[in-house]
Amino acid sequence: MNTLKYKRPKGTRDIIPEEFELREVLLEKIKKSIRAYGYKFIITPTFEHTELFIRSIGDSTDIVEKEMYTFHDKKGRSYTLRPEGTAPVIRAFLENSIMPPAKLAYIMNMFRAERPQKGRYREFWQVGVEAIGIKDPLIDAEVIEMGYSILKELGAEKLVVLINSIGSIEERQAYKSALLDYLNEKEQDGTLELCNDCKRRKNRNPLRILDCKIDGPKLKDAPKLKEFLSNESLKYFEEIKSYLDKWKVNYREEPRLVRGLDYYNHTAFEIVSEKIGVEDTLLGGGRYDSLVEDLGGPATPAVGWALGLERIINYFYQIPRISGPFYFVATVNEFSKGYAIGLLKKIREWKIPSDMTYEPKSLKAQMKIADRLNAVKAVIVGEDEIKLQKVRVRDLETGKEVLVPEKDLVKIYEEEMARRKGKEVL
Ligand code: ATP
Ligand code: MG
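Rules behind the numbers
Residues numbered from 1 in each chain as written. Chains lettered and ligands numbered in written order. Predicted model: local features only at pLDDT ≥ 70, side-chain atom pairs only at ≥ 80, totals over all residues. Heavy atoms only, no water. Pairing = 2+ DSSP bridges. Helix = DSSP H or I, 4+ residues; strand = E, 2+ residues; numbered from the N terminus. Contact = heavy atoms within 4.5 Å. Axes fitted to C-alpha atoms, helices over the stretch in contact; angles between N-to-C directions. Salt bridge = Lys/Arg side-chain N within 4 Å of Asp/Glu carboxyl O. Buried < 20%, exposed > 50% of the residue type's maximum accessible area, 1.4 Å probe, protein only. Near = heavy atom within 4 Å. Polar contact = N/O pair within 3.5 Å; in protein donor to acceptor, adjacent residues only side chain to side chain. Areas by Shrake-Rupley, 256 points an atom, 1.4 Å probe, with all protein chains shown as cover. Expected span 1.5 Å × (residues − 1). Arc of directions from axis to C-beta. Parallel < 35°, antiparallel > 145°, perpendicular 65-115°, else oblique. Left-handed = near helix turned anticlockwise from the far one by under 90°. Phe/Tyr/Trp six-rings, centres within 6.5 Å; stacked < 30°, edge-to-face > 60°. Lys NZ or Arg CZ within 6 Å of the ring centre and 35° of its normal.

*Asks:* Got a minute to help me understand the sheet that holds strand S12 (residues 327-331) in this structure?
*Replies:* Where strands meet in a sheet, backbone hydrogen bonds hold them as pairs that are either parallel or antiparallel. The sheet built from five strands is open, its strands ordered S13-S12-S14-S15-S16 with mixed pairing. Both edges of this open sheet fall to strand S13 (354-355) and strand S16 (401-405), since each of them pairs with a single strand only. Bridge count for S12 against strand S14 (residues 377-381) is five bridges, and the pairing is parallel. Across the sheet, Val329 pairs through a bridge with Val379, a residue of S14. Packed onto the sheet, helix H13 (residues 363-372) meets S12, S14 and strand S15 (390-395) and runs at close to 170° relative to S12. The sheet strands contacting helix H15 (residues 408-420) are S12, S14, S15 and S16, and the helix crosses S16 at an angle near 130°.

Encoded structure:
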């Protein structure tokens, strides 16, 4: 369609009615599950002061280095469309004096200037949770188990939780210098050639090289982060895993998993599906005990995750065909039209999706439109029916008709919806 004058910006999507309905169903399920774990939902502004993200995510991360949509308003203030939810939620937690322990959840769109591809967009939706003010392996394990269960309920198959402990800030510091020594040595003796991104990362944030899809696998004999963890950190990690064992969560230790953002410590995890490959992470999260304090609050530990809604839809769902109005009210002449308008109003008060043609048309033409709209049943209002105080309901799939009193329209609708439940997404 080259003649179109305007197209949506690259990497963005239109959610058309079919997908909207699917999302509603999925999000209803997700919200129910998240609430069952004691979380309350929150919405933060679409844009924040740029500083918030630089300060929290870290200026040597992919997001801050190259993925943020930053703009200046007329007064020269710098704002950024939120690329992630944790920093804004913690900012809101502090600004609204929400008391810990607090379990906050969100469903929000995020913006990142990435190269668009399947499951990777410039505007996408995340569902996320943050458990703020609790430090115990039990909450880390619960947060992971919740993500795992939700993905399972959504129909994601062959799930594996990849889990690692990245220790405390001090432990990581010691490891960083050991890793740096190793990298320098290998580069000098010519046995290691880093990619361009990693060459830059090396001095700013060498841990992220472990996570690099190109260079990570080359570092098999590099020093292991685990060897730098204190007994306390190791014990914390072991306890999380023992809960996961108890709850039969399928997990695998992944020593090179460090996660992109600066604010994580101790627990880091991702959930992937072996059906679609581990490159396309469905959910990612971790513990971040210093963020609340970094943003000016009292020292408050926290743990959370975010999942990408489009990744679930892309990989595990087909966009369904959706029904049109349930009842399509058809008339035979001006008199019956007058009656039908009143009937339609009643059906709508019963909150049953319904429609008519508005413009005068033959019964045949009306039925054609009902068909095209994919209506479920036609309600035909003729003079005979009006006299009998009844309506004729025609099933548009089978063609079968019944003559019933108006109030039966509710029963017919409810029975049909109950019959469809569970068999179709919608
Ligand atoms: P990736 O390694 O795939 O870039 P990430 O580490 O940047 O992921 P997070 O910031 O942890 O991802 O976001 C959590 C989840 O949000 C991801 O697991 C993914 O499902 C989803 N997500 C991240 N970026 C995008 C994107 N550009 N488009 C669609 N979904 C995304
Ligand atoms: Mg990313």
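*Asks:* I'm lost on the pattern of salt bridges in this one. Help?
*Replies:* Should the charged atoms of two oppositely charged side chains come close, the side chains can pair. Under the criterion given, the structure shown has 43 salt bridges. The salt bridge involving Arg200 is made with Glu65; its shortest N-O contact spans 2.5 Å. Linking Arg200 in helix H7 (residues 196-204) with Glu65 in helix H3 (residues 62-67), this pair joins segments that are 135 residues apart in sequence. Judged by its relative accessible area of 36%, Arg200 is partly exposed. Glu65 sits in the partly exposed class, given a relative accessible area of 25%. Residues joined in a network through salt bridges with shared partners are Asp59, Asp62, Glu65, Lys66, Asp197, Arg200, Arg201, Arg204 and Arg208.

*Asks:* Sorry if this is basic, but what is going on with the site of ligand 1 here?
*Replies:* Arg112, Glu114, Arg120, Tyr121 and Arg259 are the nearest of the 15 residues found near ligand 1. The contact in question runs from a nitrogen atom of ligand 1 to an N or O atom on the backbone of Tyr121, over 2.9 Å. Burial of ligand 1 by the protein chains amounts to 89% of its free accessible area of 580 Å². Elements with a minimum of two residues in the shell around ligand 1: strand S6 (123-132) and strand S11 (302-308).

*Asks:* What's the story with the side chain of Arg172 in this structure? I'm lost.
*Replies:* Among the secondary structure elements, Arg172 is positioned in helix H6 (residues 169-188). A distance of 3.4 Å separates a polar atom in the side chain of Arg172 from the backbone oxygen of Ile166. Beyond its immediate stretch of four places on either side in the chain, Arg172 contacts Ile166, Gly167, Leu207, Leu225, Asp262, Tyr264 and Asn265.

*Asks:* Can you walk me through the environment of Leu22 in this structure?
*Replies:* Inspection of the secondary structure puts Leu22 in helix H1 (residues 17-36). Note: C-alpha distance between Leu22 and Glu187 (165 residues apart in sequence) is 51 Å.

*Asks:* How do you make sense of H15 when you look at a structure like this?
*Replies:* Because each turn of an α-helix spans 3.6 residues, side chains separated by three or four positions in sequence point in the same direction. The terminal C-alpha atoms of H15, which comprises 13 residues, lie 19 Å apart, in line with the 18 Å expected from a rise of 1.5 Å per residue. Along H15, the positions that sit buried rather than exposed are Asp408, Leu409, Ile412, Tyr413, Glu416 and Arg420. An end-on view of H15 places all buried positions within 145° of arc, on one side of the element. Counted as exposed and oriented over 90 degrees from the buried face of H15: Glu414, Glu415 and Ala418. If you follow the buried residues of H15, they end up packed against S12, helix H12 (334-349), S14, S15 and S16.

*Asks:* What's the story with the sheet that holds strand S10 (residues 283-287) in this structure? I'm lost.
*Replies:* Within the open sheet, the eight strands sit side by side as S1-S5-S6-S11-S10-S9-S7-S8. Their pairing is mixed. The open sheet has two edge strands, strand S1 (40-41) and strand S8 (251-253), and neither has a second partner. In terms of strand pairing, S10 meets S11 through five bridges, oriented antiparallel. Paired with Gly285 across the strands is Trp305, a residue of S11.

*Asks:* Explain the packing of H1 against helix H5 (residues 137-153) here, please?
*Replies:* For any two helices packed against each other, the geometry comes down to the angle between their axes and how far apart the axes lie. Where H1 contacts H5, the two axes come as close as 10 Å, and the packing angle between them is 150°. Classified by the angle their axes make, H1 and H5 are roughly antiparallel. Taken as a pair, H1 and H5 cross one another with a handedness that is right-handed. Residues Lys29, Ile30, Ser33 and Ile34 of H1 lie in contact with H5, whose contacting residues are Met146, Ile150 and Glu153.

*Asks:* Would you explain helix H4 (residues 86-95) in this entry?
*Replies:* Summarising burial for H4: eight of the ten residues are buried, a large majority. The complete set of buried residues in H4 reads Thr86, Ala87, Pro88, Val89, Ile90, Arg91, Ala92 and Phe93. Buried-residue contacts for H4 involve strand S2 (47-49), helix H2 (50-57), strand S5 (102-111), S6 and helix H10 (291-294). Where H4 terminates, the next one or two residues include Ser97, which has phi positive at roughly 50°.

*Asks:* Hey, could you run me through unusual backbone geometry in this one?
*Replies:* Glycine aside, residues mostly have negative phi, and peptide bonds are mostly found in the trans state. Look at the link from Pro100 to Pro101: it is a cis peptide, with omega at -5°. Summarising the element assignment, Pro101 is placed in the loop between H4 and S5. Of note, the phi angle at Lys158 is positive, near 50°, even though the residue is not glycine.

*Asks:* Teacher, can you tell me more about the packing of aromatic side chains here?
*Replies:* Each aromatic ring pair is summarised here by two numbers: the centre-to-centre distance and the angle between the ring planes. Summed over the entire model, instances satisfying the criterion amount to nine aromatic pairs. Ring plane angle 65° and centroid distance 5.9 Å describe the contact between Phe47 and Phe71, whose orientation is recorded as edge-to-face. Of the two residues, Phe47 is situated in strand S2 and Phe71 in strand S3 (residues 70-72); the sequence distance between them amounts to 24 residues. Among the aromatic side chains, those forming a connected cluster through ring pairs are Phe47, Phe71 and Tyr79. Positioned above the aromatic ring of Tyr121 is the side chain of Arg13, whose terminal nitrogen or guanidinium carbon lies 5.3 Å from the ring centre. Directly above the aromatic system of Tyr236 lies the positively charged group of Lys135, at a separation of 5.7 Å from the ring centroid.

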